[in-house]
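# Working through the structure, step by step
Spelled out, the chains give:
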Amino acid sequence: MARDDPSSLQLRPTGRNSLPYLRVAILLCPSFTLTPAASFVDALRLAADRLDNSGQIYFSWDFIAAGDGPVTASCGLTIAPTAKLENLDEYDCVVVCGGLLRALPGLRPDIYPALRKAYARGLPIIGLCTGTFVLAEAGLLDGRRCALQFDTLSEFSSRYPSALPVTDQTHVIDR
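Residues numbered from 1 in each chain as written. Predicted model: local features only at pLDDT ≥ 70, side-chain atom pairs only at ≥ 80, totals over all residues. Heavy atoms only, no water.

One side chain can pair with another of opposite charge once the charged atoms of both are near each other. Under the defined criterion, the tally for this structure stands at 8 salt bridges. Across the salt bridge formed by D42 and R45, the nearest N and O atoms sit 2.6 Å from each other. Taken together, the residues D42 and R45, both in helix α1 (residues 34-48) and 3 residues apart, mark about one turn of the helix. Here D42 falls in the partly exposed class, since its relative accessible area comes to 33%. Between E86 and R108 there is a salt bridge whose closest N-O contact spans 3.1 Å. (Salt bridge = Lys/Arg side-chain N within 4 Å of Asp/Glu carboxyl O. Helix = DSSP H or I, 4+ residues; strand = E, 2+ residues; numbered from the N terminus. Buried < 20%, exposed > 50% of the residue type's maximum accessible area, 1.4 Å probe, protein only.)

Below, the discussion takes up the sheet that holds strand β1 (residues 22-28). Backbone hydrogen bonds hold the strands of a sheet together, and the pairing may be parallel or antiparallel. Pairing is parallel in the open sheet, where 4 strands are placed in the order β2-β1-β5-β6. Two strands lie at the open edges of the sheet, namely β2 (59-65) and β6 (125-128), each paired on one side alone. Across this sheet, the average inter-strand angle for adjacent strands is 20 degrees, counted without regard to direction. Two strands pair when backbone bridges link them, and β1 and strand β5 (residues 93-97) are joined in this way by 5 bridges, in the parallel orientation. Across the sheet, the residue bridging to V24 is C93, located in β5. Each of β1, β2, β5 and β6 touches α1; the most contacted strand, β2, lies at about 155 degrees to it. (Pairing = 2+ DSSP bridges. Axes fitted to C-alpha atoms, helices over the stretch in contact; angles between N-to-C directions. Contact = heavy atoms within 4.5 Å.)

What follows concerns the nonpolar core. Of all hydrophobic cores here, the largest spans 31 residues; its most connected members are L27, L88, L115, V134 and F156. When residues no more than four places from it in sequence are discounted, the contact partners of L88 are A25, L27, I64, V94, A114, A118 and R121. Formed by 19 residues, the second largest nonpolar core is a distinct cluster that contains I26, F32, A48 and V71. (Core = buried A, V, L, I, M, F, W, Y, C linked by side-chain atoms within 4.5 Å.)

Looking now at the confidence of the model for the protein. Overall, the predicted model of the protein reaches an average pLDDT of 86, with 90% of residues at or above 70. Counting contacts from residues 1-12, a segment whose pLDDT is below 50, to residues more than four positions away or on other chains yields 19 contacts. (pLDDT = per-residue confidence, 0-100.)

Within β2, 7 of the 7 residues are buried, leaving the element largely enclosed by the surrounding structure. Of the two faces of β2, the one holding F59, W61, F63 and A65 and the one holding S60, D62 and I64 are both buried throughout. Direction of pairing for β1 relative to β2: parallel, over a ladder of 7 bridges. Paired with A25 across the strands is D62, a residue of β2. Crossover β1 to β2 through α1 is right-handed. (Right-handed = clockwise from strand over helix to strand, strands pointing away.)

Secondary-structure assignment places I125 in strand β6. Taking C-alpha positions, I125 is 9.9 Å from V24, a pair spaced 101 residues apart along the chain. Beyond its immediate chain neighbours, meaning those up to four positions away, I125 contacts V94, L115, A118, Y119, L135 and L140.

Structural data, given as structure tokens:
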């Protein structure tokens, strides 16, 4: 099977025989978009729980500020980080939730090396919304397909000509 075939994906062995099975770091960029972040976290919440208690049983997650924390969404909601970027090694997956393009220069400069290190460790890395721009800036999308919203395609393509963006899919798995 091709590595980008969803049926070939498996959870990485975590070395833990206990719960949670998967620990997710969610990097919130300055002016992140609330709907993608909330939808992703709510899907985790539903899968992580038993008995409708909203517990982080099977999966756990933390919010990490990709800018100076606390992080404010594009709608004005502010979220306090629950973990630090320096602890990224404790997670099994990294999710980057982008937001307004004009706010991306406000990212901490250590975000990019941290993402490259997580990638080198073999962690799955997910870009939500304009989180794709952050992954491309870190050099993780060169020669790779990635999903983009059509209204960001021109800007993305001009900044990252080595990436292979698509706009007709809601998500892309490319290694």
